[in-house]
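One letter stands for each residue in the lines below.
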Amino acid sequence: TIERAHSPRHLWEKVKLKENFPAALAQIDAQLIYWPRSLVNKCKQRLTKIRQYLIRMRKLAGREQRALHTVAKKVERREEKQERKASAAAKIEAAVKRELLERLQAGTYGDIYNFAHESWDELLDDFDEDEQQQQQQQ
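No experiment lies behind these values; they were computed from the predicted model shown.

A. Summary view of the overall build of the protein. When its secondary structure is counted, the protein shows four helices and zero strands. Overall, the protein shows an N-to-C arrangement of helices and strands of α-α-α-α. Counting only residues that meet the buried cut, the protein has 9% of its 138 residues in that class. Put simply, of all contacts in the protein between residues at least 6 apart along the chain, 21% involve residues at least 24 apart. If you sum the accessible surface of the protein, you get close to 13,100 Å²; carbon and sulfur atoms cover 52% of it.

And the structure:
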């Protein structure tokens with residue numbers, strides 16, 4: 001209204017639209033009867049867009065969504081590096097174990113060590129398997 005012309009932000013009047021979409025469009029037509037058709041169409045398009053947005057939001061709220069989580073690249077890299085080091089250490093451990101077994105079989109240390117029979121048999125089995133695999137590869 002013209003009484004609010006001195007403060008343009010209060011110049012506009014908010015009108016609550018009806019819930020029914022066709023009734024709300026008719027209400028826009030009735031309220032903006034003296035306005036240019038282009039502005040009336042813009043208001044109707046805005047109403048349509050808001051309505052579609054709300055419908056889409058309701059539909060998405062009904063659906064169950066997967067929970068997204070972040071991937072800590074730094075932690076992943078650190079764990080990967082630790083795994084590589086552990087596998088390298090395991091290879092070294094296996095080589096040392098093999099070397100000790102060879103020395104024990106060769107009698108380098110004599111009879112100064114007493115081993116449990118189960119672990120000694122297990123070592124011998126492992127050594128035999130390793131030798132068989134090496135022969136098959138050659």
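Past the structure itself, the notes keep going.
B. Spatial organisation of the packing of aromatic side chains. Under the counting rule described, the total for this entry stands at zero aromatic pairs. Over the face of the ring belonging to Phe 21 we find Arg 51, whose NZ or CZ atom lies 4.5 Å from the ring centre.

C. Local environment of the side chain of Gln 27. Here Gln 27 is to be found in helix H1 (residues 21-31). Gln 27 gets classed as buried once you look at its relative accessible area, which sits at 15%.

D. Fine view of the packing of H1 against helix H2 (residues 37-62). Running from amino to carboxyl end, H1 crosses H2 at an angle of 155°, the nearest separation of the two axes being 10 Å. As far as their axial angle goes, H2 and H1 are roughly antiparallel. Considering the relative orientation of H1 and H2, their crossing is right-handed. Mapping the contact onto sequence places Phe 21, Ala 24, Leu 25, Ile 28 and Asp 29 in H1 and Arg 37, Val 40, Cys 43, Lys 44, Leu 47, Thr 48 and Arg 51 in H2.

E. Summary view of a positive patch on the surface. Positive charge collects at one region of the surface, where Lys 73, Lys 74, Arg 77, Arg 78, Lys 81 and Lys 85 lie side by side. Residue placement: Lys 73 occurs in helix H3 (residues 73-106). A relative accessible area of 63% means that Lys 73 is categorised as exposed.

F. Main features of the pattern of salt bridges. Counted according to the given criterion, the structure contains three salt bridges. With a shortest N-O distance of 2.9 Å, Lys 44 and Asp 29 are connected by a salt bridge. With Lys 44 in helix H2 and Asp 29 in helix H1, this pair connects stretches of sequence that are 15 residues apart. Under the relative-accessibility criterion, Lys 44 is labelled buried at 18%. Between Glu 80 and Arg 84 there is a salt bridge whose closest N-O contact spans 3.7 Å. With Glu 80 and Arg 84 both in helix H3 and four residues apart, the pair spans about one turn of that helix. According to the relative accessible area criterion, Glu 80 is partly exposed, its value standing at 46%. Residues joined in a network through salt bridges with shared partners are Asp 29, Arg 37 and Lys 44.

G. Spatial organisation of the nonpolar core. With six residues, the main nonpolar core is built from Phe 21, Ala 24, Ile 28, Leu 32, Val 40 and Leu 47. For this core, the elements supplying multiple residues, two or more each, are H1 and H2. The element best represented in this core is H1, accounting for three residues. Apart from residues no more than four positions distant in its own chain, Ala 24 is found in contact with Leu 17, Lys 18 and Leu 47.

How each quantity is defined
Along each chain, the written sequence defines residue order, and numbers are assigned to residues from 1. Local features in this predicted model are restricted to residues of pLDDT 70 or higher, and side-chain atom pairs are both shown and tallied only at a pLDDT of 80 or more, whereas totals for entire chains, interfaces and linings draw on every residue. Excluded from the side-chain calculation are hydrogens and water; included are all heavy atoms of the structure. Numbering goes from the N terminus for both helices and strands, where a helix is a DSSP run of H or I of at least four residues and a strand is a run of E of at least two. Buried residues are those whose accessible area, probed at 1.4 Å on protein chains only, stays under 20% of the maximum for their type, while exposed residues exceed 50% and partly exposed ones sit between those limits. Any two residues having at least one pair of non-hydrogen atoms within 4.5 Å are treated as being in contact. Using a 1.4 Å probe, accessible areas were evaluated by the Shrake-Rupley method; residue-level cover was limited to the displayed protein chains. For Phe, Tyr and Trp, rings pair up if their centres lie within 6.5 Å, where Trp contributes its six-membered ring, and each pair is then called stacked (planes under 30 degrees apart), edge-to-face (over 60) or tilted (otherwise). For a ring to carry a charge above it, either NZ of a lysine or CZ of an arginine must fall within 6 Å of the ring centroid while also lying within 35 degrees of the normal to the ring plane. In this analysis an axis means a line fitted to C-alpha atoms, helices contributing only their contacting stretch, and an angle means the value between N-to-C directions, from 0 to 180 degrees. Angles are sorted into four bins: roughly parallel if under 35 degrees, roughly antiparallel if over 145, roughly perpendicular if 65 to 115, and oblique for all others. Here is the rule for handedness: rotate from the far helix to the near one, and if that takes an anticlockwise turn smaller than a right angle the crossing is left-handed, while a clockwise turn gives right-handed. Each patch is built from residues lacking any salt bridge and having more than 30% relative accessible area; the joining distance is 9 Å for like charges and 5 Å for nonpolar side chains (Val, Leu, Ile, Met, Phe, Trp, Tyr). Here a salt bridge means any side-chain nitrogen of Lys or Arg lying within 4 Å of a carboxyl oxygen belonging to Asp or Glu. Residues scored as charged are limited to Lys and Arg (positive) and Asp and Glu (negative), so that His and the chain ends carry no count. Lys charges are placed at NZ, Arg charges at CZ, Asp charges at CG and Glu charges at CD. Side-chain atoms within 4.5 Å are what join buried Ala, Val, Leu, Ile, Met, Phe, Trp, Tyr and Cys residues into a set we call a nonpolar core.

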